[in-house]
Amino acid sequence: MKVALVFPLLACGSLLIAAGHAPAEPGIAAGGMVATVHPAATDSGVAALGGGGNAIDAAIAAALMLGVVDGHNSGIGGGCFILVHLADGRQVAIDGRETAPARAHRDMFLRDGKPNAELSQTGPLASGVPGALAAYDLAAREHGRLPLQQALLRAAEVAEKGYVLDVSAAKRLNDLSATFARFEGSRAVFLKSDGSSHEAGELFRQPDLARTYRSLAEDGIAWFYQGPFAKALEGWMASNGGLTTASDLAAYRPQMREPILSTYRGYAIVGFPPPSSGGVHVAQILNILEHFDLKAIYGRDPAQFYHVIAEAMKRAFADRAYWLGDPGFAQVPRGLLDKQYARELARQIKLDRATEVACHGDPPAAGSDHFSRHTTHIAAVDAAGNWVGITATVNTAFGSKVVVPGTGVVLNNQMDDFSIAPGVPNSAGLVGAEANAVAPGKRPLSSMSPTVVLADDKPLLTLGAAGGPTIISQVVMALVYRLDLDRDLAAAVGGVRVHQQWRPDELRVQPTMEKDWIAALEGIGHHVRRGGFGICQAIERLPDGRFLGVHDPRVAGKAAGP
Ligand code: GLY
């Protein structure tokens with residue numbers, strides 16, 4: 001029995017190393033490692049490790065600091081997934097994904113019968129109930145050694161004192177200034193008192209956010225989920241046409257999930273399960289790629305190497321569009337991870353031409369065997385053997401663009417990760433089906449893919465990425481470069497990337513890819529579009545036991561350890 005179709009079926013039947021980026025300066029240390037997109041966040045994580053904390057404390061400290069210095073990507077008004085390989089060998093997946101408010105309904109983004117994507121991307125209807133803070137709190141209580149207070153207070157100080165805006169941060173604020181101007185709380189934080197935008201080189205202070213972090217340090221997360229923040233959020237929503245109430249915040253619970261375990265060429269791959277699509281499709285793509293000798297293909301014909309990877313991605317994303325959703329609401333088949341199913345998909349791939357994939361596939365036991373049921377990635381490890389990946393997000397830059405007045409908290413726009421109507425692309429161009437329709441309390445489908453790789457049962461690598469659906473592709477490509485092509489970790493993260501998400505049927509390639517390879521890919525039928533990708537962080541255990549940390553060279557991040 002397939003998922004009951006309320007939506008109709010999707011249209012079935014119908015930088016620079018090897019042309020990538022110069023690797024960034026890696027970090028090497030024996031006492032642990034933290035890699036993030038921002039030096040202040042990495043430093044906060046390293047301070048946690050130096051202050052008696054473990055990798056869980058370090059990753060959470062980094063995440064809380066990112067909410068201050070990198071708030072367009074993530075923050076306590078958003079959500080996260082936390083994947084931990086504990087020193088005792090257990091794997092833990094904590095789901096801090098946002099939920100749709102209780103008054104949400106599947107047609108809430110239709111106006112006059114037509115989908116209105118503006119409503120799911122900006123303003124009061126765009127936000128899900130934030131989950132990141134509850135997940136950090138749960139992870140710290142269950143597996144950390146430090147209370148959240150220290151990390152909150154360190155981040156509050158930076159919010160209070162401010163930091164200097166660089167050119168890209170100032171441009172981002174300027175580009176969004178007209179949207180910020182629509183919302184009272186956002187005007188107060190992101191625009192100057194005369195309504196103009198902040199410029200590069202100026203000090204950017206967030207006193208309201210500093211007060212919020214200090215209140216959380218003092219009163220715990222009840223201040224947010226049951227106290228003054230919940231009340232402020234409800235008040236703003238009620239007077240601006242939103243649906244979220246204080247009861248939605250009080251009802252929010254992070255979920256413990258069962259990590260996805262798969263294998264790739266003898267390595268064990270640990271991934272994040274639904275409501276992320278990341279773990280499922282990283283595993284599925286790797287299962288398909290196992291049927292190709294990628295190293296030999298790359299040596300013979302690099303364009304064919306990218307072709308094979310793109311064809312594998314195309315099939316996985318076709319399945320994603322149909323089958324994937326919150327496992328509490330949709331029946332997501334475990335058969336998507338089946339090796340025999342991957343073999344059948346691999347057989348469809350032709351080495352000499354791009355093939356049309358008309359429709360999703362039918363994984364085995366799809367009726368009976370189910371998963372029970374702009375973003376940032378932080379990687380952290382400690383000397384005791386805890387390995388952590390947190391991918392956190394408010395979705396697109398500054399989420400819904402709404403700041404709850406007086407709190408400094410940017411609300412996510414994760415509702416846009418639902419399928420607002422069948423076949424209607426979201427801000428990432430993704431289409432979906434009934435499995436990912438809006439429903440009260442449901443979690444929107446994600447691509448976030450925190451991943452741990454084990455060799456001989458010992459953690460070898462942890463990695464993850466930002467960048468919407470390209471997260472899945474970036475994780476796959478970094479793994480293939482590292483494990484198949486034997487590139488060092490920095491070169492693997494900096495390597496040229498490709499992404500094929502089935503719909504639209506185009507092959508996104510990093511613009512720095514060799515022109516000859518692009519011409520060859522076009523020659524065999526790929527519709528190539530040069531485009532941007534997200535940002536990947538990774539840590540590897542070296543043969544001598546030290547840790548090698550790498551931040552993506554595409555931004556000025558930092559990898560360091562004590
Ligand atoms: N909002 C990006 C993701 O969760 O995939």
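All of the points below concern the structure found in this document.

About the cut-offs
- Residues numbered from 1 in each chain as written.
- Predicted model: local features only at pLDDT ≥ 70, side-chain atom pairs only at ≥ 80, totals over all residues.
- Heavy atoms only, no water.
- Helix = DSSP H or I, 4+ residues; strand = E, 2+ residues; numbered from the N terminus.
- Rg over C-alpha atoms; globule rule 2.2 N^0.38 Å.
- Areas by Shrake-Rupley, 256 points an atom, 1.4 Å probe, with all protein chains shown as cover.
- Lys, Arg positive; Asp, Glu negative; His and termini not counted.
- Charge placed at Lys NZ, Arg CZ, Asp CG, Glu CD.
- Core = buried A, V, L, I, M, F, W, Y, C linked by side-chain atoms within 4.5 Å.
- Buried < 20%, exposed > 50% of the residue type's maximum accessible area, 1.4 Å probe, protein only.
- Contact = heavy atoms within 4.5 Å.
- Disulfide = S-S within 2.5 Å.
- Axes fitted to C-alpha atoms, helices over the stretch in contact; angles between N-to-C directions.
- Parallel < 35°, antiparallel > 145°, perpendicular 65-115°, else oblique.
- Left-handed = near helix turned anticlockwise from the far one by under 90°.
- Pairing = 2+ DSSP bridges.
- Expected span 1.5 Å × (residues − 1).
- Phe/Tyr/Trp six-rings, centres within 6.5 Å; stacked < 30°, edge-to-face > 60°.
- Lys NZ or Arg CZ within 6 Å of the ring centre and 35° of its normal.
- Near = heavy atom within 4 Å.
- Polar contact = N/O pair within 3.5 Å; in protein donor to acceptor, adjacent residues only side chain to side chain.
- Nonpolar A, V, L, I, M, F, W, Y, C, P; charged D, E, K, R; others polar.
- 1 Å grid on protein atoms, 1.4 Å probe; cavity = no way out; pocket = protein on both sides within 12 Å on 5 of 7 lines; lining within 4 Å.
- Points joined across faces, edges and corners; volume = space filled by probe spheres on them.

**What to know about the overall build of the protein**
Reasoning step 1: Scanning the protein for helices and strands turns up 19 helices and 21 strands.
Reasoning step 2: Its C-alpha atoms give the protein a radius of gyration of 22 Å, within 12% of the compact-globule value 24 Å for 562 residues.
Reasoning step 3: Considering only C-alpha atoms, the protein reaches an extent of 60 × 60 × 45 Å along its principal axes.
Reasoning step 4: Surface exposure of the protein reaches about 19,100 Å², of which carbon and sulfur atoms provide 52%.
Reasoning step 5: Considering the protein, the positive charge centre built from 51 side chains and the negative charge centre built from 55 side chains are found 2 Å apart.

**What to know about the nonpolar core**
In a soluble, globular protein the nonpolar side chains are often hidden away together inside.
Reasoning step 1: Core analysis: the largest hydrophobic core is formed by 87 residues, its most contacted members being Leu289, Phe305, Tyr306, Leu479, Val480, Val498 and Met513.
Reasoning step 2: Examining the composition of this core, we find that 14 residues originate from one element, helix α15 (residues 302–323), more than from any other.
Reasoning step 3: Non-local contacts of Leu479, meaning those with residues more than four positions away in its chain, are made with Val282, Leu286, Val453, Leu461, Leu463 and Asp484.
Reasoning step 4: Counting residues in hydrophobic clusters, the runner-up holds 84 residues, among them Leu66, Val69, Leu216 and Leu233.

**Remarks on the state of the cysteines**
Reasoning step 1: If you walk through the whole model with that rule in mind, you get 0 disulfides.
Reasoning step 2: You can see Cys80 has no disulfide; the closest cysteine sulfur is in Cys536, sitting 18 Å from it.
Reasoning step 3: Residue Cys536 is classed as buried on the basis of its relative accessible area of 0%.

**Side note on the packing of helix α13 (residues 278–289) against helix α16 (residues 339–348)**
Reasoning step 1: Running from N to C, α13 and α16 point in directions that differ by 60°, and their axes come no closer than 8 Å. Judged by the inter-axis angle, α13 sits oblique to α16. The two elements α13 and α16 meet at a crossing, and its hand is right-handed. Mapping the contact onto sequence places Gln284, Asn287 and Ile288 in α13 and Lys339, Tyr341, Ala342, Leu345 and Ala346 in α16.

**Some words on the sheet that holds strand β12 (residues 376–382)**
Reasoning step 1: Taking strand neighbours across the sheet as the criterion, the 7 strands line up as β9-β4-β3-β13-β12-β2-β21 in an open arrangement whose pairing is antiparallel. Each of the sheet's edge strands pairs with one partner strand only, and the pair in question is β9 (255–257) and β21 (558–560). Ignoring which end each strand starts from, the neighbouring axes of this sheet average 15° apart.
Reasoning step 2: For strand β4 (residues 91–96) and β9, the ladder comprises 3 bridges, and the chain directions are antiparallel. Looking at the pairing, Asp95 lines up with Gln255 of β9.
Reasoning step 3: Sheet strands in contact with helix α1 (residues 39–50) are β2 (32–36), β12 and β21, and its direction is about 160° off that of β2.

**Things to note about helix α9 (residues 207–219)**
Reasoning step 1: With 13 residues, α9 extends 18 Å between its outermost C-alpha atoms, agreeing within 8% with the 18 Å of an ideal straight helix rising 1.5 Å per residue.
Reasoning step 2: Those residues of α9 lying buried are Asp208, Leu209, Ala210, Thr212, Tyr213, Ser215, Leu216 and Ala217.
Reasoning step 3: Residue Gly220 follows α9 closely and has a positive phi angle near 80°.

**A word on the packing of aromatic side chains**
Working definition: an aromatic ring pair is given by the centre-to-centre distance plus the angle between the planes.
Reasoning step 1: Taken as a whole and judged by the stated rule, the model has 18 aromatic pairs.
Reasoning step 2: Where Phe180 meets Phe398, the ring centres are 5.3 Å apart and the plane angle is 85°; that geometry is what we call edge-to-face. You'll find Phe180 and Phe398 in the same group, each marked buried.
Reasoning step 3: Seen in terms of ring centroids, Tyr322 and Trp323 are 4.7 Å apart; in terms of plane orientation they differ by 90°. Their pairing is edge-to-face.
Reasoning step 4: The exposure class of Tyr322 is buried, given its relative accessible area of 3%.
Reasoning step 5: Residue class for Trp323 comes out buried when judged on its relative accessible area of 0%.
Reasoning step 6: Joined through ring pairs, the aromatic side chains of Tyr163, Phe180, Phe190, Phe204 and Phe398 make up one cluster.
Reasoning step 7: It is Arg508 that lies over the ring of Phe533; its NZ or CZ is 5.9 Å from the centre.

**Remarks on the site of the ligand**
Reasoning step 1: The full set of residues close to the ligand is Arg97, Thr375, Asn395, Gln414, Asp417, Ser446, Ser447 and Met448.
Reasoning step 2: Contacts to the ligand include Gln414, whose side-chain N or O atom sits 2.7 Å from a nitrogen atom.
Reasoning step 3: Between the ligand and Ser446 there is a distance of 2.6 Å, counted from an oxygen atom to a side-chain nitrogen or oxygen.
Reasoning step 4: Out of a free accessible area of 200 Å², the ligand has 97% covered by protein chains.
Reasoning step 5: Grouping the constituent residues of the shell around the ligand by class yields 1 nonpolar, 5 polar and 2 charged.

**Things to note about the pairing of strand β10 (residues 260–264)**
Reasoning step 1: Along β10, the buried face is formed by Ile260, Ser262 and Tyr264; none of Leu261 and Thr263, which line the opposite face, is buried.
Reasoning step 2: Once β10 ends, the chain turns through 2 residues before running back antiparallel as strand β11 (residues 267–271), passing Arg265 with a positive phi of about 50°.

**Here's the deal with the sheet that holds strand β17 (residues 507–509)**
Reasoning step 1: One open sheet holds the 3 strands; their spatial order is β16-β17-β18, and the pairing between them is mixed. The sheet is open, and its two borders are formed by β16 (498–499) and β18 (528–530), each paired with just one other strand.
Reasoning step 2: Here helix α19 (residues 515–523) sits on the sheet in contact with β17 and β18, set at roughly 145° to β18.

**Some remarks on empty space enclosed by the protein**
Picture a little ball the size of a water molecule; that probe, rolled over the atoms, points out where space is still empty.
Reasoning step 1: Taken as a whole, the largest cavity encloses approximately 70 Å³ of empty space.
Reasoning step 2: Lining the largest cavity, in full, are Ala48, Asp57, Ile60, Ala61, Ala140, Leu146, Pro147, Leu148, Gln150, Ala151 and Arg154.
Reasoning step 3: Within the residue set of the lining of the largest cavity, elements represented by two or more residues are α2 (55–69) and α5 (148–161).
Reasoning step 4: A class-by-class count of the residues in the lining of the largest cavity yields 8 nonpolar, 1 polar and 2 charged.
Reasoning step 5: There is about 30 Å³ of room inside the second largest cavity.

**As for unusual backbone geometry**
Reasoning step 1: With omega at 20°, the peptide bond leading from Pro274 into Pro275 counts as cis.
Reasoning step 2: Not every positive phi belongs to a glycine, and Thr375 is a case in point at roughly 70°.
Reasoning step 3: As for its placement among the helices and strands, Thr375 is situated in the loop between α16 and β12.

**Details of the layout of surface pockets**
Reasoning step 1: Of the pockets and cavities examined, the second largest pocket occupies roughly 270 Å³.
Reasoning step 2: If you trace the second largest pocket, you find 19 residues lining it, with Glu258, Pro259, Ile260, Arg334 and Phe371 closest to the centre.
Reasoning step 3: Of all the secondary-structure elements, those providing two or more residues to the lining of the second largest pocket are β9 and β10.
Reasoning step 4: Of the residues contributing to the lining of the second largest pocket, the split by class is 11 nonpolar, 3 polar and 5 charged.

By themselves, these figures tell us nothing about what the structure is for.
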